[in-house]
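These are the residues of each chain, in order.
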Amino acid sequence: MATIGDLLRAGTERLRAAGSESARLDAELLLGHAIGADRTAVVAHPEAPVGRLAADRFEGDLARRATGEPVAYIRGFKEFYGLAFAADRRALIPRPETERLVELAEAEVLRRLAAAPRPGSPPLRVLDVGTGSGTIAVALAVALRRRRVGEEVELFATDDSRDALQLARENAVAHSVGDRALFLEADLVPRGVVTPWDLVLANLPYVRSDAVDGLPIAASFEPRRALDGGPDGLEVIGRLLDRLPDALAAGGVALLEIGSDQHAAIVELAAARLPGWACSVESDLAGHPRVARLARTSGAIGRDP
Ligand code: GLN
């Protein structure tokens with residue numbers, strides 16, 4: 001019977017030959033998936049025998065990975081913000097850099113709750129635009145529940161893809177926050193909602209159309225419209241900026257994920273579309289510009305002329 005060590009060596013070789021830049025890691029994750037153990041157990045027990053069924057499953061998963069399919073789709077989940085999110089072709093795979101957006105959102109919510117203690121004030125309203133697999137809304141809901149302030153926040157999430165919304169709801173239910181967030185089919189901001197939001201969050205597509213085909217092959221398995229931000233990469237974000245004067249409550253803030261090369265472009269776009277608003281950019285853990293923060297300055301309440 002083949003051992004873990006044998007299968008790992010052969011699997012790594014095969015993935016390396018197929019062009020994977022993380023062949024060893026991929027093989028460890030996929031073998032763990034096949035034998036129903038986590039990666040640390042795989043690494044710790046190279047001498048352990050692997051049964052026929054698991055070896056066959058590993059073989060099938062290696063074949064999928066060798067075509068470029070992302071490990072997250074093969075395993076069916078991806079870790080994000082300390083949680084496991086169901087991942088499949090209905091939506092983009094959560095990226096580690098998006099954790100920064102959730103972190104900033106969590107801090108912003110806590111700051112606002114501390115400034116205006118509940119009960120007594122209406123719940124804080126948070127909208128996650130283009131929620132995809134629901135990662136931002138669900139991670140935030142779980143984080144707020146842990147801090148025992150879940151009841152003080154009303155969470156909404158939109159997507160224009162019904163399939164993505166279904167996955168988002170599955171993720172919300174899996175993390176026991178299905179009743180904490182309302183998932184709505186909408187193009188960006190839901191229409192006809194009269195009460196604006198205190199916090200608007202979004203990880204919208206921001207890759208330039210001509211750069212989408214140059215992304216790692218794994219991205220070709222993801223929904224293109226979750227990545228393609230139009231000719232300059234900022235088309236969808238620009239459409240959201242146009243909606244912010246109505247969508248954001250007085251004193252509200254929008255936190256929008258951007259590409260690491262879009263710092264100057266987002267500041268310029270905000271100046272053009274939202275004159276009088278403040279726009280700053282926060283970096284991610286790798287030190288790259290990643291989250292644009294937009295707020296009305298006190299002199300610019302209401303829709304600008
Ligand atoms: N960071 C992602 C990538 O480069 C893009 C995500 C997005 O467009 N929102 O693959």
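You'll find the structure just up there.
Below, the structure is looked at part by part. (Residues numbered from 1 in each chain as written. Predicted model: local features only at pLDDT ≥ 70, side-chain atom pairs only at ≥ 80, totals over all residues. Heavy atoms only, no water.)

A few points about the site of the ligand
For step 1, the next point in the chain: Surrounding the ligand, one finds Arg95, Glu97, Asn203, Leu204, Pro205, Tyr206, Val207, Ala226 and Leu227.
For step 2, the next point in the chain: Isolated, the ligand exposes 300 Å² of accessible area, and the fraction of that covered by the protein chains is 87%.
For step 3, the next point in the chain: Here the residues of the shell around the ligand are counted per class, giving 6 nonpolar, 1 polar and 2 charged. (Near = heavy atom within 4 Å. Areas by Shrake-Rupley, 256 points an atom, 1.4 Å probe, with all protein chains shown as cover. Nonpolar A, V, L, I, M, F, W, Y, C, P; charged D, E, K, R; others polar.)

Here's the deal with the pattern of salt bridges
For step 1, the next point in the chain: Scanning the model with the defined rule gives 28 salt bridges in all.
For step 2, the next point in the chain: Note that Glu59 and Arg14 form a salt bridge whose closest N and O atoms lie 2.8 Å from each other. Here Arg14 lies in helix H1 (residues 4-17) and Glu59 lies in helix H4 (residues 52-66), a separation of 45 residues in the sequence.
For step 3, the next point in the chain: Connected through shared salt-bridge partners, Glu108, Arg111, Arg112 and Arg293 make up one network. (Salt bridge = Lys/Arg side-chain N within 4 Å of Asp/Glu carboxyl O. Helix = DSSP H or I, 4+ residues; strand = E, 2+ residues; numbered from the N terminus.)

Description of the pairing of strand E6 (residues 197-202)
Look at any regular strand and the pattern is simple: side chains alternate between the two faces of the sheet.
For step 1, the next point in the chain: Of all 6 residues in E6, 6 are buried, a share of seventy percent or more.
For step 2, the next point in the chain: Note: strand E3 (residues 124-129) against E6, 4 bridges, orientation parallel. Across the sheet, Asp128 pairs through a bridge with Leu201, a residue of E6.
For step 3, the next point in the chain: Summarising the sheet, E6 and strand E7 (residues 248-257) pair through 5 bridges and their orientation is parallel. Each residue of the ladder has a partner; that of Trp197, found in E7, is Leu248. (Buried < 20%, exposed > 50% of the residue type's maximum accessible area, 1.4 Å probe, protein only. Pairing = 2+ DSSP bridges.)

A look at the packing of aromatic side chains
For step 1, the next point in the chain: A complete count under the given rule lists 3 aromatic pairs for this structure.
For step 2, the next point in the chain: Plain terms: the ring middles of Phe156 and Trp197 are 5.7 Å apart, the flat faces sit at 80° to each other, and that makes the pair edge-to-face. With Phe156 in strand E4 (residues 153-159) and Trp197 in strand E6, the pair connects residues that are 41 residues apart, well separated along the chain. Side by side, Phe156 and Trp197 carry an identical accessibility label, which is buried.
For step 3, the next point in the chain: One aromatic cluster is present, built from ring pairs that chain together Phe80, Tyr81 and Phe85.
For step 4, the next point in the chain: Above the ring of Trp197, the side-chain terminus of Arg125 is found at 5.1 Å from the ring centroid. (Phe/Tyr/Trp six-rings, centres within 6.5 Å; stacked < 30°, edge-to-face > 60°. Lys NZ or Arg CZ within 6 Å of the ring centre and 35° of its normal.)

Looking at the sheet that holds E4
For step 1, the next point in the chain: Pairing is mixed across the open sheet formed by 7 strands, whose spatial order is E5-E4-E3-E6-E7-E9-E8. Strands at the two margins of the open sheet, each flanked by one partner only, are strand E5 (181-185) and strand E8 (277-283). If you compare each strand with its neighbour and ignore which way they point, the axes differ by 20° on average.
For step 2, the next point in the chain: Helix H6 (residues 99-115) rests against E3, E4, E6, E7, E8 and strand E9 (289-296) of the sheet, and its axis sits at about 160° to E7.
For step 3, the next point in the chain: In the packing of helix H7 (residues 135-146) onto the sheet, contacts are made with E3, E4, E5 and E6, and the angle to E4 comes to roughly 165°. (Axes fitted to C-alpha atoms, helices over the stretch in contact; angles between N-to-C directions. Contact = heavy atoms within 4.5 Å.)

Without other data, these values stay purely geometric and don't point to any function.
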